[in-house]
Amino acid sequence: MKALALTGYGDVSNAAIVDVEPRDPGPGEVVVSVKAAALNHLDLWTLSGAVGRDHALPHTLGADGAGEIARVGGDVRGIRPGDRVVVNPAISCGRCEFCRAGEQSLCTTFKMLGEHLPGTIAHEVVVPATNVYPLPDHLSFSQGAALGVTAITAYRMLFTRGRMTPGEWLLITGIGGGLALSLLQLARPIAGKIFVTSSSTDKIVKALALGADDGIDYSKEDVGKAIRSRTAKRGVDLVLDSAGGSAFDGALRALRKGGRLVIAGATTGPRSDLDVRRLFWNQLEVIGSTMGSDHDVSEMLRMVAGTKLEPVIDKTFALEEGREALAYLAGNERFGKVVIEI
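Here's what I pulled together on the structure shown here. Owing to the predicted nature of the structure, the values given are computational and were not obtained by experimental measurement. (Residues numbered from 1 in each chain as written. Predicted model: local features only at pLDDT ≥ 70, side-chain atom pairs only at ≥ 80, totals over all residues. Heavy atoms only, no water.)

1. Concerning the overall build of the protein chain
For the protein chain, the helix and strand inventory stands at ten helices and 18 strands. Over its C-alpha trace the protein chain gives a radius of gyration of 20 Å, about what one expects of a compact globule, namely 20 Å for 342 residues. Along the first, second and third principal axes, the C-alpha atoms of the protein chain reach 60 × 40 × 35 Å. Taken over 342 residues, the protein chain has a buried fraction of 53%. The long-range share in the protein chain, meaning contacts at least 24 apart out of those at least 6 apart in sequence, stands at 69%. Surface exposure of the protein chain reaches about 14900 Å², of which carbon and sulfur atoms provide 51%. (Helix = DSSP H or I, 4+ residues; strand = E, 2+ residues; numbered from the N terminus. Rg over C-alpha atoms; globule rule 2.2 N^0.38 Å. Buried < 20%, exposed > 50% of the residue type's maximum accessible area, 1.4 Å probe, protein only. Contact = heavy atoms within 4.5 Å. Areas by Shrake-Rupley, 256 points an atom, 1.4 Å probe, with all protein chains shown as cover.)

Structure follows, in C-alpha cells:
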C-alpha cells in the first residue's frame, strides 16, 4: 500500500510517497481503510526530528484519520467491516493507574500515531479497537479527520481542565489554526463572549463570521490592556492558549480575579516570564492540558453530532500531493485544517 512517510530528518524534502507492507489486525485491533487524514504541526516536528525519536525508516506520518473498518481481530465485538469511523490517535496502555482511573492522556506509556507509531496518511492503519469511534452521520470523511487532535484537545481544554460553564467570557489566542478554531466552534454554543487574537486582520474577520464577538491584533495592541478595555476592566473568565512564550504574560493580564488560563502548547517558545505576585494576589489558575481521555473523545463527538458542528477545512490535497500539503501546513496563511484525501 502507499503511504506518506518520513525517509530522513529535515524539511519536507524528506517526506515521500512509499510502498508499505500492510498487516492484519492482531487481538483487540482493527484495520481502518483511511479515506482522509488531517495534518498537524506534530507531523512537521516529527519530520524535522524535533520530537527526539529514532524512527525505523520509512515511518508513516499522520495522527488524524477517518475511514471505514476493513478488517477486525478475531476477538473484536461490536465493530464490523464497512463501519464509518474516526480514529483517536492517542494510544494508551489501559493498565497503569491513570488509564484505570479514566485518564488515558496521562498514561505512563502514552503514544501518538505518526509520532511514536506508524500513522494515518496511508491506505490503511492498524489501531486498537478502542481507538475507533463512530463518525457522526453529518460529517464527510475529510471533516471527520479534521476533528482528531485539535477537537479532542480543545474539548479537554474547555470542559475537563478549564471547567467552562455557560455564559463565561473566553479569550482564544492565535485564531486561524486548527486548535483555536476547534475551541471557538465548541465553545460558541454556550459561551457568553468570545475574544480572539491574531496578527492577521483577515483571520480576525473570518473568526467574527464564525461567531467570535471581538478580535485583537496582537501585533498592534497589548492583549492584556485590550481585554481590560473591552470588558470594563473586568477581564475574561478563561483564557485558552497554545502559544506560551511571550504571549503568556498578556494572557494572565487578560484574566479576571480568580480566572483560569489553560495552556496546551508552546508555539512561540517554551519559556515564559511569570510575575508570581499577579498569580497569588488575583488567585489565578494556570492549568496544563494535552490531548484527552476516552471520555473526552466520546463527549466531544456527542457534542459535534448534537450541534451539527462542521470543522473548518482550509485546503485538501491528494495523497500524491503529500509533500505539498506539508509545505502548505508550514505556512502562516491557513485558516482551518489541511486534509489529505486518500
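From this point on, the discussion continues.
2. Examining helix 4 (residues 178-187)
In terms of burial, helix 4 is largely enclosed, as ten of its ten residues are buried. Along helix 4, the positions that sit buried rather than exposed are Gly 178, Leu 179, Ala 180, Leu 181, Ser 182, Leu 183, Leu 184, Gln 185, Leu 186 and Ala 187.

3. Digging into the sheet that holds strand 2 (residues 15-19)
The strand order across the open sheet formed by three strands is 2-1-4, and the pairing between neighbours is antiparallel. Of all the strands in the sheet, the pair left with one neighbour each is strand 2 and strand 4 (59-60). Alignment of strand 1 (residues 2-6) against strand 4, held across two bridges, turns out to be antiparallel. Counted as the bridge partner of Ala 5 is Thr 60 from strand 4. (Pairing = 2+ DSSP bridges.)

4. A few points about the packing of aromatic side chains
Here the structure, examined in full by the defined rule, presents two aromatic pairs. On the numbers, 4.9 Å between centres and 50 degrees between planes, the contact of Tyr 155 with Phe 159 is tilted. With Tyr 155 and Phe 159 both in helix 3 (residues 141-161) and four residues apart, the pair spans about one turn of that helix. Between the aromatic rings of Phe 317 and Tyr 328, the centroid separation amounts to 5.9 Å while the plane-to-plane angle is 55 degrees, which identifies the pairing as tilted. Of the two residues, Phe 317 sits in strand 17 (residues 313-318) while Tyr 328 sits in helix 10 (residues 322-329), which places them eleven residues apart along the sequence. Of note, Arg 84 hangs over the ring of Phe 141, and the distance from its end group to the ring centre comes to 5.1 Å. For the cation-ring pair, Arg 234 lies above Trp 169, with the distance from its terminal atom to the ring centre recorded as 5.3 Å. (Phe/Tyr/Trp six-rings, centres within 6.5 Å; stacked < 30°, edge-to-face > 60°. Lys NZ or Arg CZ within 6 Å of the ring centre and 35° of its normal.)

5. Looking at the pairing of strand 18 (residues 337-341)
Among the five residues of strand 18, four are classified as buried, and the element is accordingly described as predominantly covered. Direction of pairing for strand 3 (residues 29-38) relative to strand 18: antiparallel, over a ladder of three bridges. Its bridge partner lying in strand 18, Ala 38 is registered against Val 339. In terms of strand pairing, strand 17 meets strand 18 through five bridges, oriented parallel. Residue pairing across strands places Ala 318 opposite Glu 341, the latter belonging to strand 18.

6. Overview of the pairing of strand 15 (residues 255-263)
With seven of its nine residues buried, strand 15 lies for the most part within the structure. For the crossover that starts at strand 14 (residues 236-241), traverses helix 7 (residues 247-253) and ends in the parallel strand 15, the hand is right-handed. Pairing of strand 15 with strand 16 (residues 285-288), which is carried by four bridges, proceeds in the parallel orientation. Each bridged residue has a counterpart across the sheet, and for Ile 263 the counterpart in strand 16 is Gly 288. (Right-handed = clockwise from strand over helix to strand, strands pointing away.)

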